[in-house]
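Summary of the model geometry
Chain by chain, the residues:
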Amino acid sequence: MGARVARLFRNFNLENRVHREIGKAKPEVAPRHLTHIDPVQSTEVTEINDAIHKRNDPLLVLLKSVYVESKDPTEAPKEMTEENVEERRPLKFSLPGDPYGIVEITDVPKGKLSIVEALKALNNHKNAPQTWTLDKVAQEYSLDSRDTKALLEHFIPFEVKIIPPKTKDDAKQIKDT
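Analysis parameters
Residues numbered from 1 in each chain as written. Predicted model: local features only at pLDDT ≥ 70, side-chain atom pairs only at ≥ 80, totals over all residues. Heavy atoms only, no water. Helix = DSSP H or I, 4+ residues; strand = E, 2+ residues; numbered from the N terminus. Contact = heavy atoms within 4.5 Å. Areas by Shrake-Rupley, 256 points an atom, 1.4 Å probe, with all protein chains shown as cover. Salt bridge = Lys/Arg side-chain N within 4 Å of Asp/Glu carboxyl O. Buried < 20%, exposed > 50% of the residue type's maximum accessible area, 1.4 Å probe, protein only. Polar contact = N/O pair within 3.5 Å; in protein donor to acceptor, adjacent residues only side chain to side chain. Expected span 1.5 Å × (residues − 1). Arc of directions from axis to C-beta.

1. Regarding the overall build of the protein chain
Looking only at helices and strands, one finds 8 helices and 2 strands in the protein chain. The order of helices and strands in the protein chain, counted from the N terminus, is α-α-α-α-α-β-β-α-α-α. Long-range pairs, those at least 24 residues apart, make up 42% of the contacts in the protein chain with a sequence separation of at least 6. Carbon and sulfur atoms provide 58% of the accessible area of the protein chain, an area that totals close to 17,400 Å².

2. Thoughts on the pattern of salt bridges
Following the criterion strictly, the structure yields 5 salt bridges and no others. Ionic pairing is found between lysine 71 and glutamate 69, a salt bridge with its closest N-O pair at 3.6 Å.

3. Things to note about unusual backbone geometry
At asparagine 13, a residue that is not glycine, the phi angle is positive and equals roughly 55 degrees. Structurally, asparagine 13 is set in the loop between helix H1 (2–11) and helix H2 (14–23). Asparagine 13 gets classed as partly exposed once you look at its relative accessible area, which sits at 34%.

4. Describing the environment of glycine 111
Mapped onto the fold, glycine 111 is located in the loop between strand E2 (107–109) and helix H6 (115–127). Accessibility expressed as a relative area gives 34% for glycine 111, which makes it partly exposed. Along the primary structure glycine 111 and tyrosine 141 are separated by 30 residues, whereas in three dimensions their C-alpha atoms are 7.5 Å apart. Ignoring anything within four residues of it in the chain, the contact list for glycine 111 reads Ser142 and Leu143.

5. A short note on the side chain of glutamate 117
Positionally, glutamate 117 belongs in helix H6. With relative accessibility at 0%, the residue glutamate 117 sits in the buried group. Among the polar contacts made by the side chain of glutamate 117, one reaches the side chain of arginine 89 at a distance of 2.9 Å.

6. Brief notes about the side chain of threonine 148
Turning to its location among the elements, threonine 148 is positioned in helix H8 (residues 145–154). Reaching out from threonine 148, the side chain makes a polar contact with the backbone oxygen of aspartate 144 at a distance of 2.8 Å. Once residues within four sequence positions are removed from consideration, threonine 148 is found in contact with Leu134, Val137, Ala138 and Leu143.

7. Looking at H6
Over its 13 residues, H6 runs 18 Å from end to end, which matches the ideal 18 Å to within 8%, given 1.5 Å per residue. Regarding H6, the residues found buried are Glu117, Ala118, Ala121, Leu122 and Asn124. All buried residues of H6 fall inside an arc of 160 degrees around its axis, so they share one side. Across from the buried face of H6, at angles greater than 90 degrees, the exposed residues are Ile115 and Asn127. Those residues of H6 that are buried are in contact with strand E1 (88–90), E2, helix H7 (134–140) and H8.

What follows is the structure, given as structure tokens:
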């Protein structure tokens, strides 16, 4: 019922309202932007252009005093000194053969471990913590005691547990009904 009443008021005297709206004067168009440049502004632009393109002799003299020499770095072979030799230690453990086509590493820097050595140290400490104490692991692999403590506290090697299958007597099976 409300829609009928609203439509009645909306359509009342519609034609007269339309003619009145069409007969109104059109709104004025906004003024266009001026395209000519003011004379004051043009002198500023030319002064700026002149200042940019003008030769500045004091700056040119300073620029000539700058000398840059560039050379390509040469890759000189690193010399093995006694200090470098002392900083590295041979590996304690490594994987047999050439695993995954990776070149076999023969030594590592002191204070570092290879993955195989880290797993071996973690596993030894886990299996025999009385024998492989923090100090022994640090001494064996030339590690800092603080790093060794963090390694043994925060890293745990994988543990594989094989669960035997249940026998037929123990297993309860659901059968079709």
